[in-house]
Structures are given as C-alpha cells and as structure tokens.
Amino acid sequence: MKIHQNFTGGNIRVKEISGDTVILENELRDTEGDWFYWAFCVEGAEDREIAFKFESKRLGYWGPAVSHDLKDWHWLDSVDGESFTYRFGSGESPVYFAHNMLYHPDRFIAFAESRALEVSELCRSRKGRSVPCLHIGDGNRSIIITARHHACESTGSYVMEGVLEELTTSPIPNTRILCVPFVDYDGVLDGDQGKSRAPHDHNRDYTDAPIYPEVAAIRTHADRYGCNFGFDLHSPYHKGGNNDRIFIVRNKVEKLEKFDRFSALLESELTPDAMQYKKENDHPPLTGWNQPSPNFAFTSNSRPECDLAFTLESAYFGTKENKVSAERLILLGKCFAKAIRKYIGE
Ligand SMILES: [Zn+2]
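Just so it is clear, the model here is predicted, and its values are computed rather than measured.

Cut-offs used in this document
- Residues numbered from 1 in each chain as written.
- Predicted model: local features only at pLDDT ≥ 70, side-chain atom pairs only at ≥ 80, totals over all residues.
- Heavy atoms only, no water.
- Domains from an automatic or database assignment.
- Contact = heavy atoms within 4.5 Å.
- Buried area = accessible area lost by both parts, 1.4 Å probe.
- Salt bridge = Lys/Arg side-chain N within 4 Å of Asp/Glu carboxyl O.
- Polar contact = N/O pair within 3.5 Å; in protein donor to acceptor, adjacent residues only side chain to side chain.
- Nonpolar A, V, L, I, M, F, W, Y, C, P; charged D, E, K, R; others polar.
- Donors = N, O, S within 2.8 Å, 3.2 Å for Na, K, Ca; no water.
- Helix = DSSP H or I, 4+ residues; strand = E, 2+ residues; numbered from the N terminus.
- Buried < 20%, exposed > 50% of the residue type's maximum accessible area, 1.4 Å probe, protein only.
- Pairing = 2+ DSSP bridges.

Asker: Please set out the domain arrangement of the protein chain residue by residue, giving values where relevant.
Answerer: Each assigned domain of the protein chain is listed with its residue range as follows: domain 1 (2–98) and domain 2 (105–344). Put simply, the middle of domain 1 and the middle of domain 2, counted by C-alpha atoms, are 28 Å apart. Taken together, the contact between domain 1 and domain 2 spans 25 residues of the former and 29 residues of the latter. Both faces combined, the contact of domain 1 with domain 2 buries some 2,200 Å², and carbon together with sulfur accounts for 54% of it. Summed over the three residues of domain 1 that lose the most area to domain 2, namely Trp35, Tyr61 and Trp62, the buried surface amounts to 29% of that side. Summed over the shared surface of domain 1 and domain 2, the result is three salt bridges. A salt bridge links lysine 323 to aspartate 77, with the nearest nitrogen and oxygen atoms 2.7 Å apart. The tally of links between domain 1 and domain 2 comes to 17 residue pairs in polar contact (both at pLDDT 80 or more). Counted by class, the side of domain 1 that touches domain 2 contains ten nonpolar, seven polar and eight charged residues.

Asker: Report on the coordination of the zinc ion, specifying residues and quantitative values.
Answerer: Coordination of the zinc ion by the protein is provided by His150 (ND1), Glu153 (OE), Glu153 (OE) and His234 (ND1), with metal-donor distances spanning 2.1 to 2.5 Å. Each donor residue of the zinc ion belongs to the same chain, and together they define the spacing H-x2-E-x80-H. Placement of histidine 150 in the loop between strand 12 (141–147) and helix 2 (155–169) and of histidine 234 in strand 14 (residues 229–234) is noted, with a sequence separation of 84 residues between them. We classify histidine 234 as buried; its relative accessible area is 2%.

Asker: Explain the sheet that holds strand 4 (residues 39–43) to me, using residue names and the numbers behind them.
Answerer: An order of 1-4-9-6-7 is seen for the five strands of this open sheet, with the pairing classed as antiparallel. Edge positions in the sheet fall to strand 1 (2–4) and strand 7 (74–75), since each has one partner strand and no second.

Put into structure tokens, the structure is as follows:
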C-alpha cells in the first residue's frame, strides 16, 4: 500500500503504519498557527480494510470526501471522531481522500471551454506558473470575481462555476468581468493550506506593495477599469457554528443598507435545490475577526467607484438539513449571480 501526496492539491504526512491502521497528519508548510486541510492518495490497498486516524481535529461531519479521479467527489458518510475506515474493493486503486471536496483547476479549464470562454493569463505566479483568468464582456461597469485567495478553500470554486454559468448564459449589459478562479494558484496546485501564510497570505496583500504577483495584477486591473463590484468566494473555518452555513461578510458599517438589499435579493433568488442562505447569518462589520484589513473585499469596497464588494463564505460540510455537495454549491452560485443582476438593476 502506498499513501502519497503526489497529485494536484495533495497534502499529507504519514506518521505511522501498523497493520491495517494508519496515523496521519497534514502539512502546515508556511502557515502560521494550526489549520486543517489535507488530501491524500492510496494505491495498492485493494481488498483491504484500512483505518485512517488523525490526532488533531481534521475530519468533517460526513467523514472524508472521496474520489477516484479527482473530478467527482462524494462524502464517505462514515466517521468515528477523527478516524474513518475504508474498505477498498478489488481493483479499486487509486482512491483519493480529502478534508473537503477538491476542485481541480482542470475542471475550471474544461468548464471555460464548454462555454467557449477564452482562458487568459493573469500573470506568472511566484513559481513561474501561468495563472489563469477570464475576461468576460465589455462596458463601463467593472465586476471582479475571485476565489482561492486562500488556497484550500474549494467550496468557493464550485460557487464561482455557478456564477459564471449564469452570467455567461444571461450576460449583464455594459459590463466587463474579470474572473480569477485561483488567486493563490501555486498553493492550489501544491496543496498548501494558503491561509495565514508567513509573512501574510494573499488576502492580506492588498497593500501599496503587494508581494504576490496575482494580487498586483488584480490591483492593476482595478486601477485601469475600476471595480464597481467585487465578489470574493471563500470557505470559512473548518466547522461549527456559523462555519456550517453560507454567509456574507459585511465589511463596512456605512454600507449596511446596501448589504441589506443584496442579502434580501439573494434570499429571494434562492431555489430549494441550492445550498441555503439566510440573511440573519451574515457576519456584521467590526465584530470578532471581521475587522478592516488589506483584504480584497475591504480594499475594493473602499475604492471611490465601488458600489459593493464583499466576501461570501460557503461551508465545507454544511448541516444535515443543508448538506454540501458540488451540485448544491454550483446552484447557489447561479442564484448568487441572479441576485447580482437584480441588485445592479439590469
Ligand atoms: Zn478564506
């Protein structure tokens, strides 16, 4: 049996194997403090039943996300504290397990091609990779939509796919959209946590001297075309309380009426098959961790031309009544895009 992290998004450290029990830990890499993301591949365990254990809080409510191809993910729906057991069928190899349902960048490229959207290069990453982006439409209004400022937060990518599906099916007139699906592209590919990187992560880099080329490129675009609306798609903390929900981070007291209007529109556009959102779960400004910082949403919302910019947080697991799946996150994205259109009034 081979347990490894040699794939897009891989992150694991095998601490110990004894018989059919494996003790695992994730790699924090350059993240300061603790974080919970992991993803690993098992090969050569056919016809065996293996118990996988973590020694820290690493598993969600439904056990690991499981995949055979890194494209389709489902929950194991079985978990015992911080352990799960998997019975490998004959010929079942490789099998991927992860903290959350990963979103492979190839999926985004295939999605763009299926919609005849041309993928452009935003910039070169620090590691020299070509960072993908989409430029959609043209006009006086500028919308910037981003995801993965924090590399591990894949629920935002599914939401983004739904947003784009809707906005390319029924475009908003007179509007230019920049879409950056993987702001921390190196981190997404390398399987980094991305959150709380030293000296700071991508979503604390909207300063006068950004250290990440992706952030510099987004800033340059905003300076050239403006940013009338900015939507940044994230996943919250691991689990518990509001982290199990969908919520908007309201980042400015003086724009609370705008937030109220948007939230009401999103509620009214929600279909029952989508991940459910309730306005009452929005995080109020200047409360707890929600303080001004050089993050994308706050700095965008502070630009004079900006009407509204915020972060949308989408749970990794959800609740029994509102359980996360790729499909339900995508449907949430479609409803979110409809709310954007109504808010703008087109
Ligand atoms: Zn985040």
